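# Per-entry structural report
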Amino acid sequence: MTDGSPTAPAVPAAPVRRARRRPSSGWLAALPLLLLVALAFGLPALAMTDGAFTVADGGYGLDNLSRSVDGAYATALLGSVKLSALTAAAGTVFGLFLAQAVVSSRGRALREAVLTASGVLANFGGVPLAFAFVATLGNAGVLTTTFGLDEHGWSLYGFWGLSLTYLYFLVPLMVLTVAPALDGLRVQWREAAHDNGATTWQYWRHVGIPVLLPSLLGGFVLLFGSAFAAYATAAAMVGSSVPLVTLQIADALSGNVLVGQENVALALSLDMVVVAALVMAVHLPLQRRSTRWLA
C-alpha cells in the first residue's frame, strides 16, 4: 500500500568503468635476449632449413630429406637412437640409485661433494673424456693391460665401449635432475605408509615411484637428448666404426666420403632437430607435472 505520495523515479546506476590495462613493458627487458636467440638460433635454423630443401638444380624439393633417411644415413640415425635410448635408460637407473643414496645419507659433506662432482662431470665430455677412457680402457690402457681385458674380448672402440663412456656424464646429469624430486618426497608419506603396515618395497611401489615417475621420464628424455646430440667424444674415440648421425653430418660437410653432400648434411641436421623437438615436447609437460606434484 502507498500513502498517496508520488513515488520518485528510479535513478539508473552509473555505468562502472573498467580500468584499462596498460600494456606491460616487461617484455622490453627480455628484448636483448630475444634478439640474441633470433641471431644465434633463428638465422642458422633458417639457413639449415633452406639448404635441406635445396636440390642440385637450385630449386626446392625433398631429395635431400629422402636421402637422409635411406641407406647408410638411415643406419646412422637408427644407431644414434639406439645408443641414446640404451645409455639414457641405464643412466636413469644408475642415477636414481646414486641420487637416493646421496639424499638419504646423513652426511651433508658427502651430499655436497657428490652433487658438486656431478655438476662437474655432467659437463665433462668431448676430446678430454675420450682421451681419459682411451688411457684407462683402451688397447694399451692401464686397466686393460693390468687385468688383461683384451684377452676376454673387451674393446673400447665399439658400441658398448662408447656406451660406457657416455654413462660417465649421463649418470651425473641424472643425479642432478632427480635429486630435487627425491627431496620433494614428504617424510609424512613414508611414516603414514609404515604406520599402516606397508613395507619399504610397497611404499616405493605404490607411493614413491608413481610420484617420481614424471621426473624419471623427464630425466630419461633429457639424457636421451644429451646422448643423441653428442659428437666430439664419439669422433675422437671411435671415428666411423660406430654409425652415428652426428658423425655422418661431419663427414658429409667435410667431404670425407662424397663431395657435394652439404645439403644432405643439412637434411640430417633437420632430422636431428625434429627428434630434439619431439624430445622437448615430451620433456616439458613431464617437468611441469613433476613440479606441481612435488611443490
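Preceding this section is the structure that the text describes.
About the thresholds
- Residues numbered from 1 in each chain as written.
- Predicted model: local features only at pLDDT ≥ 70, side-chain atom pairs only at ≥ 80, totals over all residues.
- Heavy atoms only, no water.
- Phe/Tyr/Trp six-rings, centres within 6.5 Å; stacked < 30°, edge-to-face > 60°.
- Helix = DSSP H or I, 4+ residues; strand = E, 2+ residues; numbered from the N terminus.
- Buried < 20%, exposed > 50% of the residue type's maximum accessible area, 1.4 Å probe, protein only.
- Contact = heavy atoms within 4.5 Å.

## Considering the packing of aromatic side chains
Per the stated rule, a full pass over the model turns up 6 aromatic pairs. Between the aromatic rings of F159 and W160, the centroid separation amounts to 5.3 Å while the plane-to-plane angle is 85 degrees, which identifies the pairing as edge-to-face. Relative to F228, the ring of F224 has its centre 5.8 Å away and its plane inclined at 10 degrees; by these criteria the two rings are stacked. With F224 and F228 both in helix 9 (residues 200-229), this residue pair falls 4 residues apart, about one helical turn. Of the two residues examined, F224 and F228, each falls in the buried class. One aromatic cluster is present, built from ring pairs that chain together F124, F133 and Y168.

## Side note on the environment of E112
When you line up the elements, E112 lands in helix 4 (residues 108-121). Note on E112: relative accessible area 43%, which makes it partly exposed.

## Overview of helix 11 (residues 245-254)
Burial of helix 11 is extensive: 8 of the 10 residues sit out of reach of the surface. The set of residues buried in helix 11 consists of V245, T246, L247, Q248, I249, A250, D251 and A252.

## Section: the side chain of T144
Relative to the elements of secondary structure, T144 occurs in helix 6 (residues 142-147). Given a relative accessible area of 1%, T144 falls into the buried group. Once residues within four sequence positions are removed from consideration, T144 is found in contact with T136, L137, G138, N139, L149, D150 and W154.

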